[in-house]
Amino acid sequence: MADRLPHEKGFHVSWDQIHRDARALAWRLDGKGPDDGAWRAVVAITRGGMAPAMIVSRELDIRTVDTISVKSYNKQEQSEPRVIKSPQAEMMGDGTGILIVDDLVDTGKTLELVRRLYPKAHFATVYAKPSGKPMVDTYITEVSQDTWIFFPWDMALQYVEPYRGKD
Ligand SMILES: O=P(O)(O)OC[C@H]1O[C@H](OP(=O)(O)OP(=O)(O)O)[C@H](O)[C@@H]1O
Ligand SMILES: Nc1nc2[nH]cnc2c(=O)[nH]1
Ligand SMILES: [Mg+2]
């Protein structure tokens, strides 16, 4: 996208950190569902929402878990988001009582699309950038718009030269 700010900074998230933050998200959502506080189901926006959704559903003891697949990025390049796979229609209805989980909201375009489909659902992300905040109901940590978030599933440990070993 031409008007997109460059990602000057990197925010590196470890497995431990995403586990802690996704747990914090679950605890914040506990008892906030419309049916006596209960949620009917968790729906992960794949693929990034799957690990957080698994942790949230485990913490809140929700066994009904489904997915919606939305693709909008190729590496750091954004295109128009499109739905590749939908969750079960009878279960979703207008989204009432459904907790939709993603790893992050950036421009908000992904959530905007999913919100149009399920306007009564509750939208939760672990991380949020300012442009996407209006699209999310609950999030844990805000990062600036010019930051790219690196998740542990996209990373690998590798050797680095010691400082004095470089020429
Ligand atoms: O708020 P937006 O600007 O729409 O961006 C946020 C979305 O982008 C990433 O998904 P991506 O499309 O890269 O697919 P992935 O989850 O399979 O990595 C991320 O996981 C969010 O779903
Ligand atoms: N991994 C990752 N995917 C994204 N999709 C949109 N913004 C981001 C980001 O900051 N990090
Ligand atoms: Mg995603």
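Going by the annotation in an unreviewed UniProt entry, the name recorded for the protein is Xanthine-guanine phosphoribosyltransferase, with Plastorhodobacter daqingensis given as the source organism. Regarding the protein, the relevant UniProt record gives this comment under Sequence similarities (unreviewed entry): "Belongs to the purine/pyrimidine phosphoribosyltransferase family. XGPT subfamily." UniProt lists a comment for the protein under the heading Subcellular location (unreviewed entry), and it reads "Cell membrane".

Draft legend 1. Highlighting the nonpolar core. Judged by nonpolar contacts, the single largest core of 37 residues is most densely connected at Val42, Val56, Leu99, Ile100, Val101, Ala124 and Val136. The set of elements that each furnish at least two residues to this core consists of helix 1 (15-29), strand 2 (41-46), helix 2 (50-59), strand 3 (65-74), strand 5 (98-105), helix 4 (109-117) and strand 6 (122-128). If sequence neighbours within four positions are ignored, Val136 has contacts with Val105, Leu111, Phe123, Ala124, Thr125 and Ala128.

Draft legend 2. Quick peek at the packing of helix 1 against helix 2. Relative orientation of the contacting elements helix 1 and helix 2 amounts to 50°, with a least axis distance of 9 Å. The orientation of helix 1 relative to helix 2 falls into the category oblique. Crossing of helix 1 over helix 2 shows right-handed handedness. Between helix 1 and helix 2, the residues in contact are Ile18, His19, Ala22, Arg23, Leu25, Ala26, Trp27 and Leu29 and Ala51, Pro52, Ile55, Val56 and Glu59, respectively. Counted by class, the contact of helix 1 with helix 2 contains 10 nonpolar, one polar and two charged residues.

Draft legend 3. Broad picture of the environment of Arg28. Relative to the helices and strands, Arg28 is located in helix 1. Given 14 C-beta atoms within a 10 Å radius, Arg28 is considered partly exposed.

Draft legend 4. Quick look at unusual backbone geometry. Cis rather than trans, the peptide bond between Thr46 and Arg47 has omega equal to 0°. Residue placement: Arg47 occurs in the loop between strand 2 and helix 2. Of note, the phi angle at Asp36 is positive, near 55°, even though the residue is not glycine.

Cut-offs applied
- Residues numbered from 1 in each chain as written.
- Chains lettered and ligands numbered in written order.
- Predicted model: local features only at pLDDT ≥ 70, side-chain atom pairs only at ≥ 80, totals over all residues.
- UniProt positions renumbered as here; feature names shortened; annotations may be inferred.
- Core = buried A, V, L, I, M, F, W, Y, C linked by C-beta atoms within 7 Å.
- Buried ≥ 20, exposed ≤ 12 C-beta atoms within 10 Å, placed from the backbone.
- Helix = DSSP H or I, 4+ residues; strand = E, 2+ residues; numbered from the N terminus.
- Contact = placed C-beta atoms within 7 Å.
- Axes fitted to C-alpha atoms, helices over the stretch in contact; angles between N-to-C directions.
- Parallel < 35°, antiparallel > 145°, perpendicular 65-115°, else oblique.
- Left-handed = near helix turned anticlockwise from the far one by under 90°.
- Nonpolar A, V, L, I, M, F, W, Y, C, P; charged D, E, K, R; others polar.

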